[in-house]
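Observations on the model geometry
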Amino acid sequence: GFVLFGFFLFKVRGPPPAGSLKKRPAKRTAFRKFYERGDFPIAVQHAGVANKIAWKVEIESLDYHYFLPLFFDGLCETEFPYEFFARQGVHDMLEHGGNKILPVVPQLIIPIKNALNLRNRQVLCTTLKVIQHLVVSAERVGEALVPYYRQILPVLSIFKNMDVNLGDGIEYSQQKRENIGVLIKETLELFERYGGEDAYINIKYMIPTYGSC
Amino acid sequence: KMSEVSEVMTKAGIKPKSMHRAKIWSDDVENLYRFQQAGYRDEVEYKQVKQVDEVECWPETGFVKKLQRRDNTFYYYNRQRECEDKDVHKVKVYVY
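Residues numbered from 1 in each chain as written. Chains lettered and ligands numbered in written order. Predicted model: local features only at pLDDT ≥ 70, side-chain atom pairs only at ≥ 80, totals over all residues. Heavy atoms only, no water.

1. Re the overall build of chain A
Counting its secondary structure elements, chain A contains 10 helices and four strands. Mapped in sequence order, the helices and strands of chain A form the string β-β-α-β-β-α-α-α-α-α-α-α-α-α. Put simply, chain A has 213 residues, and 45% of those count as buried. Pairs at least 24 residues apart make up 70% of the contacts formed inside chain A by residues separated by at least 6 positions. Of the roughly 12100 Å² of accessible surface on chain A, 55% is carried by carbon and sulfur atoms. (Helix = DSSP H or I, 4+ residues; strand = E, 2+ residues; numbered from the N terminus. Buried < 20%, exposed > 50% of the residue type's maximum accessible area, 1.4 Å probe, protein only. Contact = heavy atoms within 4.5 Å. Areas by Shrake-Rupley, 256 points an atom, 1.4 Å probe, with all protein chains shown as cover.)

Put into structure tokens, the structure is as follows:
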């Protein structure tokens, strides 16, 4: 824009872009360090199936306090095989964790926050699906997450309106569950449904444009 | 009913007489898919090889939950259906 100062017109530049939507570089994760050390209870070399990992030990006997945050840390990874093992490992541990998951929830917040802060589309999609699985994985996990909304929700607020206007085109990413706007909406609705009485008001405080489901 | 039959088969060490491919999905096909992913023909062979009486299943759906492979690693399976329609024809159904 221009500013009139006396008889002179000065061209004024707006504030520089803050880069809230820009990807940030990922640091080397603890997950990768432990994976390369061979500390993980996963069988790496086997002629197995594409979407499954083979566990060296029974998941039920794993120390969730040690392993679950480590696997969550791997959500920041984007390269194969780290990304695959982290995602599948988290899935299996949440699916079979039962009451071992709830006590570990506070330790999962920092890895989740780190993954969301990367502002990487692919990582965002994976992390949102993992959060959705976490909320429904066991009793009272949804309620346990409420105090941590102020750490997780700000990034979701930035990407919430990332719905692309294609006109009359077909939105394939929605079908493949990769549309970020839709995933965020689903996640917030799960938070509200499983978060107990205080959930809605806390979500609304962090994301004023959210509408109750 | 599947487990009673397979208990008898397991004790006798009986081998299947014939095999055909599944055409449409069903609960039995889903479980066969899971056994075959882990490297076994079916529940009968799994119990013979692993010398177990019971296979751990999801209570809600009855689908196989966990199997130990021949290299002793474990495969865990989802509560819900995993065998997609495009994979159904790959599932082998053994007849005893």
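Resuming the write-up.
2. Describing the packing of helix H4 (residues 105-117) of chain A against helix H7 (residues 149-159) of chain A
Residues and elements named next belong to chain A. Contact geometry for H4 and H7: axes closest at 9 Å, N-to-C directions at 15 degrees. Between H4 and H7, the crossing angle belongs to the class labelled roughly parallel. When you trace H4 past H7, the crossing you get is left-handed. The segment H4 lies against H7, with Ile-109, Ile-112, Lys-113, Leu-116 and Asn-117 engaging Gln-151, Ile-152, Val-155 and Leu-156. Per-class residue counts for the contact of H4 with H7 are six nonpolar, two polar and one charged. (Axes fitted to C-alpha atoms, helices over the stretch in contact; angles between N-to-C directions. Parallel < 35°, antiparallel > 145°, perpendicular 65-115°, else oblique. Left-handed = near helix turned anticlockwise from the far one by under 90°. Nonpolar A, V, L, I, M, F, W, Y, C, P; charged D, E, K, R; others polar.)

3. Thoughts on the packing of aromatic side chains
A ring pair, where both rings are aromatic, is described by two values, the distance of the centres and the angle of the planes. Under the defined criterion, the tally for this structure stands at 15 aromatic pairs over all chains. Ring centres of Tyr-66 of chain A and Phe-67 of chain A lie 4.8 Å apart, and the angle between their planes is 85 degrees; on these two criteria the pair is classed as edge-to-face. With relative accessibility at 11%, the residue Phe-67 of chain A sits in the buried group. Centroid distance Phe-35 of chain B to Tyr-46 of chain B: 5.8 Å. Interplanar angle 50 degrees. Geometry classified as tilted. Here the residue Phe-35 of chain B occupies a position in helix H2 (residues 27-37), and Tyr-46 of chain B occupies one in helix H3 (residues 43-50), the gap between them amounting to 11 residues. Comparing Phe-35 of chain B with Tyr-46 of chain B, the two get one shared label, buried. The structure contains a cluster of three or more aromatic residues connected by ring pairs, namely Phe-31, Tyr-35, Trp-55, Phe-71, Phe-80, Tyr-82, Phe-84 and Phe-85 of chain A. The positively charged end of Arg-32 of chain A is found above the aromatic ring belonging to Tyr-82 of chain A, 4.1 Å away from the centroid. Positioned above the aromatic ring of Trp-58 of chain B is the side chain of Lys-65 of chain B, whose terminal nitrogen or guanidinium carbon lies 4.7 Å from the ring centre. (Phe/Tyr/Trp six-rings, centres within 6.5 Å; stacked < 30°, edge-to-face > 60°. Lys NZ or Arg CZ within 6 Å of the ring centre and 35° of its normal.)

4. A short note on the nonpolar core
In this structure, Trp-55 and Phe-72 of chain A are the most contacted members of the largest nonpolar core, which totals 63 residues. If one sorts the elements of this core by residue count, helix H5 (residues 121-137) of chain A sits on top with eight residues. Ignoring anything within four residues of it in the chain, the contact list for Trp-55 of chain A reads Pro-41, Ile-42, Leu-62, Phe-71, Gly-89, Asp-92 and Met-93 of chain A together with Thr-73, Phe-74 and Tyr-76 of chain B. Judged by nonpolar contacts, the second largest core, of 11 residues, contains Ala-54 of chain A together with Phe-35, Tyr-40 and Tyr-46 of chain B. (Core = buried A, V, L, I, M, F, W, Y, C linked by side-chain atoms within 4.5 Å.)

Treat this as a map of the structure, not an account of what it does.
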